[in-house]
Protein chains: 4
Amino acid sequence: MSGNSFGKLFTVTTFGESHGPAIGGIVDGCPPGLPLTEADLQIDLDRRKPGTSRHTTQRREDDKVKILSGVFEGKTTGCPIGLLIENSDQRSKDYSQIKDKFRPGHADYTYQQKYGIRDYRGGGRSSARETAVRVAAGAIAKKYLQEHYGMQIRGYLAQLGSLKPNPDNFDWEEINRNPFFCPDASKVPELETYLDALRNEGNSIGARINVVASHVPVGLGEPIFDRLDAEIAHALMSINAVKGVEIGDGFACVQQKGTQHRDEITPEGFLSNHAGGILGGISTGQDIVASIALKPTSSLRLPGRTIDIDGQATEVITTGRHDPCVGIRATPIAEAMLALVLIDHLMRNRAQNS
Amino acid sequence: MSGNSFGKLFTVTTFGESHGPAIGGIVDGCPPGLPLTEADLQIDLDRRKPGTSRHTTQRREDDKVKILSGVFEGKTTGCPIGLLIENSDQRSKDYSQIKDKFRPGHADYTYQQKYGIRDYRGGGRSSARETAVRVAAGAIAKKYLQEHYGMQIRGYLAQLGSLKPNPDNFDWEEINRNPFFCPDASKVPELETYLDALRNEGNSIGARINVVASHVPVGLGEPIFDRLDAEIAHALMSINAVKGVEIGDGFACVQQKGTQHRDEITPEGFLSNHAGGILGGISTGQDIVASIALKPTSSLRLPGRTIDIDGQATEVITTGRHDPCVGIRATPIAEAMLALVLIDHLMRNRAQNS
Amino acid sequence: MSGNSFGKLFTVTTFGESHGPAIGGIVDGCPPGLPLTEADLQIDLDRRKPGTSRHTTQRREDDKVKILSGVFEGKTTGCPIGLLIENSDQRSKDYSQIKDKFRPGHADYTYQQKYGIRDYRGGGRSSARETAVRVAAGAIAKKYLQEHYGMQIRGYLAQLGSLKPNPDNFDWEEINRNPFFCPDASKVPELETYLDALRNEGNSIGARINVVASHVPVGLGEPIFDRLDAEIAHALMSINAVKGVEIGDGFACVQQKGTQHRDEITPEGFLSNHAGGILGGISTGQDIVASIALKPTSSLRLPGRTIDIDGQATEVITTGRHDPCVGIRATPIAEAMLALVLIDHLMRNRAQNS
Amino acid sequence: MSGNSFGKLFTVTTFGESHGPAIGGIVDGCPPGLPLTEADLQIDLDRRKPGTSRHTTQRREDDKVKILSGVFEGKTTGCPIGLLIENSDQRSKDYSQIKDKFRPGHADYTYQQKYGIRDYRGGGRSSARETAVRVAAGAIAKKYLQEHYGMQIRGYLAQLGSLKPNPDNFDWEEINRNPFFCPDASKVPELETYLDALRNEGNSIGARINVVASHVPVGLGEPIFDRLDAEIAHALMSINAVKGVEIGDGFACVQQKGTQHRDEITPEGFLSNHAGGILGGISTGQDIVASIALKPTSSLRLPGRTIDIDGQATEVITTGRHDPCVGIRATPIAEAMLALVLIDHLMRNRAQNS
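- Within an unreviewed UniProt entry, the label attached to chain A reads Chorismate synthase, and the organism entered is Candidatus Thiomargarita nelsonii.
- Annotation of chain A in UniProt includes, under Sequence similarities (unreviewed entry), the sentence "Belongs to the chorismate synthase family."
- In its Subunit (unreviewed entry) section, the UniProt entry covering chain A states "Homotetramer."

## Points about the environment of H261 of chain A
Turning to step 1, where the next piece is worked out: Relative to the assigned elements, H261 of chain A resides in helix 6 (residues 258–261).
Turning to step 2, where the next piece is worked out: Using a count of 25 C-beta atoms within 10 Å as the deciding quantity, one classes H261 of chain A as buried.
Turning to step 3, where the next piece is worked out: Placed eleven residues apart in sequence, H261 of chain A and S272 of chain A show a C-alpha to C-alpha distance of 8.8 Å.
Turning to step 4, where the next piece is worked out: Setting aside residues no more than four positions away along its own chain, H261 of chain A makes contact with D249, C253, Q256 and H274 of chain A together with G105, K295 and P296 of chain B.

## Thoughts on the interface of chain D and chain A
Turning to step 1, where the next piece is worked out: Listed per partner, the contact involves 39 residues of chain D and 38 residues of chain A.
Turning to step 2, where the next piece is worked out: Class assignment of the residues belonging to the side of chain D that touches chain A gives a composition of 14 nonpolar, 17 polar and eight charged.

## As for the relation of the copies chain B and chain A
Turning to step 1, where the next piece is worked out: With an RMSD of 0.0 Å, the operation that places chain B on chain A is a rotation of 180° combined with a shift of 0.0 Å along the axis. Overall, the copies show the geometry of a two-fold rotation axis. When C-alpha positions in chain B are compared against the rotation axis, the closest is assigned to H234 of chain B, at 2.3 Å.
Turning to step 2, where the next piece is worked out: A share of 100% of the interface residues of chain B reappears at the interface of chain A, consistent with the copies meeting face to face through the same patch.

## Remarks on the sheet that holds strand 15 (residues 288–294) of chain C
Turning to step 1, where the next piece is worked out: The strand order across the open sheet built from eight strands is 8(C)-9(C)-15(C)-10(C)-10(D)-15(D)-9(D)-8(D), with neighbouring strands paired in antiparallel fashion. A single partner strand is all that each edge strand has here, and the edge strands are strand 8 (152–160) of chain C together with strand 8 (152–160) of chain D. Pairs of neighbouring strands in the sheet enclose a mean axial angle of 20°, with direction left out of account.
Turning to step 2, where the next piece is worked out: One ladder, built from seven bridges, connects strand 9 (residues 207–214) of chain D with strand 15 (residues 288–294) of chain D; its direction is antiparallel. Paired with I209 of chain D across the bridge in strand 15 of chain D is I292 of chain D.

The rules behind each value
- Here the residue numbering is sequential within each chain, running from 1 through the sequence in written order.
- By the order in which they are written, chains take letters starting at A while ligands take numbers starting at 1.
- Reporting in this predicted model follows two pLDDT cut-offs: at least 70 for local features of residues, and 80 or more for side-chain atom pairs to be given and counted; totals over whole chains, interfaces and linings ignore these cut-offs and use all residues.
- UniProt positions are given in the numbering used here, feature names are shortened, and annotations may be inferred rather than shown by experiment.
- Each helix is a run of H or I in the DSSP string that is no shorter than four residues. Each strand is a run of E no shorter than two, and both are numbered from the N terminus.
- Put simply, a residue is buried when 20 or more other C-beta atoms lie within 10 Å of its own C-beta and exposed when 12 or fewer do; between those, it is partly exposed, and each C-beta is set from the backbone.
- C-beta atoms are placed from the backbone for every residue, and two residues are taken to be in contact when these atoms lie within 7 Å.
- Three categories are distinguished: nonpolar for Ala, Val, Leu, Ile, Met, Phe, Trp, Tyr, Cys and Pro, charged for Asp, Glu, Lys and Arg, and polar for the others, with Gly belonging to the last.
- For this overlay, a least-squares fit was computed on C-alpha atoms, restricted to residues scoring pLDDT of at least 70 in both copies.
- Being paired, for any two strands, means DSSP has found at least two bridges between them.
- Only the stretch in contact is used when a helix axis is fitted, and all axes are lines through C-alpha atoms; the angle between N-to-C directions ranges over 0 to 180 degrees.

Following this line, the structure appears as structure tokens:
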């Protein structure tokens, strides 16, 4: 409960820094009897993994996850699942450039102020490297939700800078075929060109990712504070670089009238889904639709003004390996977080029904 | 922890339905020694109160809060603060029109599906009436933050439909002078005209509310999952009708480049605040800036298609007293929720420092 | 979570002081559809109520509980249940004798040190008056467990000073017929004589209470830290004046050999219940048996040495209305706490099973 | 929160089974700036380690702990501390004797019933092997409490069968010199003789362990449910084989009068400590004294009646390596649990004080 845990009944706790010996976590509360192997987790870990295309950081990590407990003879036992991922690519690099400087837009300054000490190597705990553990934990949740409820949780790139997939070309199958999780194959060349230019420039760009959960049972979510949408907002906003979360129509609601927004109901079902599958904080049984905004990374090759640990003015340039668009790799992370919310609420719901 | 509590160290738990005898709550964890009277809470309750202008619901509620415990000789004792607000205006109304129908866009359908039973009078637990207790609890938090840290938490209407205050006319003092919490006095007549027309039409409209916390200490927020921004998103998304949350630049980040977004630092402080006062989930000491989108209420005098409890097609019209723009009264609620997050994190922070 | 809540899924939060206007609480997480009236709660409240015989405090309290929410048309709705009990007998008494003194054996000293302020009237928050709310909440749990699982939770006086009921005369029916919750009718005259003498003396005595839950399903309890026995210990030790908790054979185990203690199993069931119905922290399906030790109250008419708020030596005598054996009235409280643990774990168990 | 975590602000979560590849845990919430090395943890791990004398199980485990995160340049960073202990002695043994049988007095039956699956190798998750992680986590807490508050937490064997150390010979220094944690050197030969005979007999015996915390600040503990004594009871009862917990005089209170029990106060301090250092659930500043009863292990070489997984009558004999008195090695575990409670409450206390 000190910040590194998520979920009340299906609880994930993570540990580890970017350049420590390993990262890992504990999944506590996974129901027993679920067939589970390391390969099940590896699928999503490989989707998130750095270095798979020239458009993401060139850090080389196998991201091979080990299950240390909680699985016996191929099935979960109901006991906590220990997860371990060794950090293989911890370049013994010279940190003297950044150890005493606060990179603007990064957590360097706030960690130092909060704790009086920080592991400056690769961002330490604030690095997105930690999200690998979330993806592994989320893969367990996804498998359970799929096997027991037929639930499907999928994300995709909805916008990168001003580039958007064309809705007419939307294809779920395409998403895992290109390095951008873009559902529109025809848009991929444009994305490549744009990112190549950006990388040359030494700059970065923001992105919007959408996540959708299908076949969600009606009735998930607890009033008042643990509304399903509130917990989804919490989960998604906890992803590094996220600055905004929408459910359903989101900010478009500001200009909508009630007649336009309300989803009418017929005996055959809802006529629309402006609500994004949630009413009064409880799932309607429709698709749950959420959208997040990710800021452009501040790790740039273009110099920025900052101060050092003594408060003196200085400049900083990031020379390391970084994603020009951190939003790209956020897709499997957002899926994982949504899965973690849904399994937790599903279990909370079961608790109430005799 | 079953959904009606918020906060880990400064915890608010609420109870009550729209048309029951009373609503109330318990604030657990308020530090001892804070001077506190019912009048301190009444200020914000009166700001949220219905029926104060023709632009909000005409339900008449005094919203007089009683403090039942936790305060002795004018000061908090460290023991839980019991809060009680009687429901004075529970019109003995005929509910036969809606008791067996699910109003589209409302929680009627989801509550019935989830629980198999619902208090249909005025929306029961899903009514925004519950937020009065949050406002009372938030007022305690605000007072503590103000007295001990000089912190100030203020919200305002940032957009209603397509109407926006003009930034050049922005005046914090104006906000509490008009019924819209609009910081631009010159915009008030336009808002009045628009809402009058809307009310005549029987329709409703969405809104955007901004909340700002000033004089926030650096270092609030816990990685990884309890980031300050993640908890703010949770808190704000838990407000009735909210469909989107932004921190700092929010969704504008999608089109920003890194050079544009990163807030550079000088010995005199940050040069900008695109981050909204939070980096790596931890407060920077700058203003915390958040924005929320509220959907238009679905309680309309214009008929909508729906089904009844037996799944048969029918129509529904809302004839009761309702806000044409629920976003208006959300301002003090959003302030309260932000205050609850901040005091909780402030206390969590203190726990770690010896 | 700041100390005044109990339970993770069926959560009780209480507020109120001995001499404030009211005490009360919120039960959050009660499953929907349970038939419930105030009369259901009153039964146990009346069993705990002061002033029912000359052997308990003569404070006069009706202890009439009001249900303010969460029940609609006679059934629970799944929403939080607000409970309120007004304090009717707050004698406007002169507290000058004790307001600046710390009664030995009481919480006066520790509350003052911890908070720097305390409500000294009747012990304030540290008074056992608060347990009325637990009893009301426990009655809800008991009703649910009885209706859905046939579970029965009963307590009795197992020892008072050196007086013990004779096991040969044990009669569950007798327990509610005498003011001591003593299961042996033949022992009642002796108890009366002893307590009369004690009251005349101005002294007090300790007691042992046993609680037993029958028809408990196998499988309740979560390893490692939330073992059923650990949570029962927590619950029972949280009752005012309790200084010891045993499960099954308890401290007798210290001198037992393994062959003597282990409960052998046959196809017809366990051959004994030394374990008290719990193995490895999980219920076995046998009766759950727990025992508690309650200290003698320190509110005595015999003077005791102490210090005042300025650290000066002084003496204190308690002249108010007090129980010579607080253990007596602890029986319904212990039942309530055991019920709260069991319903919480039952719900946690349901969450895990698909 | 699914049972494998302890503590609200200083939170320990553990994973791992007796015969899996490794056990481990995460300590979340440790304040930053504490000097910490693996050697600090190893001291207590070595005290708990099996195989150090002929009187404990002959399983050979190095119990070498690795710190995987949360420590940088020799100091804690405020980020979660990942702990890993590899299981080195997992004999590839034939489990066919016990895999389908429920050993009486063990968790075999309850785990199978609860989860429908269990890791039967060495007791799986229910093995006391898990407590190594608690000891490692407790060592961090102990170090912090010692360095920042001068607090000292020590335990000892208070009784084994009918053998008790003579209070006149009590010597804190002696405790770590003999394999029994016995504070009376003159009693050691008797303990050796008794345990040798017991081992030859194939039987086991119960024990009583006392733990004492000195230099505890006044004011730790939260009313009502999170009283310090209630949390200590929870913590200690969560240790494998514990069946009873006492604070201060414990069950002796049952026969005490108020005049005898109440600890009078003088300007020089309390005149006695019957309360065990806790009044009204809050620490008094005196020594905190707790006592636990541990049952005799049910792993015996003497046959016991039981059933198999099909419900058929059978017999079971335990041939593996087991402690004839599991109570002996519980001393460092009890110290660890007490330390975890105290640091958590210390941090909760700090949160409330501005």
